[in-house]
Amino acid sequence: MSYFAAAVVRDDGDWTAAEVNLRGATDIDEVADRLRDVDQDADLSLLFVEADDTYLVIMRLDEGEDLRVFGSDSAYAEESRLGALLVGDLKTSVTGLDEVDEPRPSGGGEEESEQPAVDPEADPVGDADLLADLGISAQKLLSLCAEEGLLPADVTAEICQVLGCADAVEELREV
C-alpha cells in the first residue's frame, strides 16, 4: 500500500510543510515523534497521511503534546500495517459530532438537508473535531471525506486551503 505523509507545522503564525517518512515506525508514539521532529518549537503540528487514494488520517499535536487523530475509514486498519498503526487503536465512533448534531433545529426541512450525510460505506474513527478551531468543523471534515469523487489528496488540499498552507503542501507533491 502506497502513502503520502505531509506535515504542516505552524510556528509564530507561519506554516511550513515537510514530507514525513513513516517506514519502520513501530507505534503511534513513534509517528508522533517524527511529527515533532519537523519543528520541535511548533505551536501546532498536523500530519496528513493519504493512502492508496482511499484513506486519510490526520494527526494533530498542540505544542508537541495532546495527540489527536482522525481516520476517514476504520477499514484502513485492516488494509495495511501502517493503517493498523495509525487508526487501529481508535474507538469505532467519531468524537466531536455530539456538539454538531445537538443544535439541529427540530422539524427543519431545509435546515436538515444542509447537513451532509456521511458515506454509509465508510466508518470514520477518532476525533473529527480536531480541526474545528482552525475553521474545519467535524461535520465539514466528515462531509469532505464522504464527498463522492474527492480523493484524500483533494481533502487535504481543501483543508490546507482553509489553513493557508496549500501551496507548501502542493510543492511537496511536486518533488
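The sections below set out a description of the structure shown in this document.

Procedures and definitions
Throughout, residues of each chain are indexed from 1 in the direction in which the sequence is written. At least 70 in pLDDT is required for a residue's local features to be given in this predicted model, at least 80 for side-chain atom pairs to be given and counted, and no such filter applies to totals for whole chains, interfaces and linings, which use all residues. Based on all heavy atoms of the structure, the side-chain values leave hydrogens and waters out of the count. Nonpolar side chains (Val, Leu, Ile, Met, Phe, Trp, Tyr) within 5 Å and like charges within 9 Å form the patches, drawn only from residues with over 30% relative accessible area and no salt bridge. All accessibility values rest on the Shrake-Rupley procedure with a 1.4 Å probe; residue burial counts only the protein chains present in the view. Here, a salt bridge means any Lys or Arg side-chain nitrogen found within 4 Å of an Asp or Glu carboxyl oxygen. By the counting scheme adopted, Arg and Lys are positive, Glu and Asp are negative, and His together with the chain ends is not counted. Charge placement uses NZ in Lys and CZ in Arg. For Asp and Glu, CG and CD serve respectively. Helix and strand definitions follow DSSP, with helices as H or I runs of at least four residues and strands as E runs of at least two, each counted in order from the N terminus. Two residues form a contact once any of their heavy atoms are found within 4.5 Å. Pairing between two strands requires that DSSP report at least two bridges joining them. How far a helix is expected to stretch is found by multiplying one less than its residue total by 1.5 Å. Exposed residues in this analysis have more than 50% of their type's maximum accessible area, buried residues have under 20%, and partly exposed residues fall in between, with area computed by a 1.4 Å probe over protein chains only. The arc in question is the one spanned by the directions pointing from the helix axis to the C-beta atoms. Stacked, tilted and edge-to-face are the three classes assigned to paired rings of Phe, Tyr and Trp, where Trp is represented by its six-membered ring and a pair needs centres within 6.5 Å; plane angles under 30 degrees give stacked, over 60 edge-to-face, the rest tilted.

### Quick notes on a negative patch on the surface
Now for step 1: Taken together, the side chains of Asp52, Asp53, Glu78, Glu79, Asp123, Glu147, Asp154 and Glu158 make up a negatively charged region of the molecular surface.
Now for step 2: When residues of the negative patch are traced back to their parent elements, those giving at least two are α2 (75–79) and α7 (152–163).
Now for step 3: Inspection of the secondary structure puts Glu78 in helix α2.

### Quick notes on the side chain of Ser72
Now for step 1: Residue placement: Ser72 occurs in the loop between β5 (65–71) and α2.
Now for step 2: Among all residues touching Ser72, those that are not within four sequence positions of it are Thr54, Tyr55, Leu56, Ala122, Asp123, Pro124 and Cys145.

### What about the pairing of β5?
Consecutive residues of a regular strand have side chains that alternate between opposite faces of the sheet.
Now for step 1: Pairing of strand β4 (residues 55–62) with β5 involves five bridges; the strand directions are antiparallel. Bridge pairing in β5 places Asp62 opposite Glu65.
Now for step 2: Here β4 folds back onto β5 in antiparallel fashion, the turn holding two residues, of which Glu63 has a positive phi close to 50°.
Now for step 3: Bridge count for β5 against strand β7 (residues 125–127) is two bridges, and the pairing is antiparallel. Bridge pairing in β7 links Gly71 to Val125.

### A closer look at α7
Now for step 1: Between its first and last C-alpha, α7 extends 16 Å over twelve residues, near the 16 Å set by a 1.5 Å rise per residue.
Now for step 2: When we look at burial in α7, the residues that qualify are Pro152, Val155, Thr156, Ile159, Cys160 and Leu163. Down the axis of α7, the buried side of the element spans an arc of 130°, and every buried residue falls inside it.
Now for step 3: Each element contacted by the buried residues of α7 is listed here: β2 (14–19), β3 (44–51), β4, α6 (138–146) and α8 (166–174).
Now for step 4: Positive phi shows up at Gly164, right after α7, with a value of about 95°.

### So, the packing of aromatic side chains
Now for step 1: By the definition in use, this model includes one aromatic pair.
Now for step 2: Here Tyr55 and Tyr76 contribute two aromatic rings whose centre-to-centre distance is 5.0 Å and whose plane-to-plane angle is 20°, an arrangement assigned as stacked. Of this pair, Tyr55 sits in strand β4 while Tyr76 sits in helix α2, and the two are 21 residues apart along the sequence. Both residues of the pair, Tyr55 and Tyr76, count as buried.

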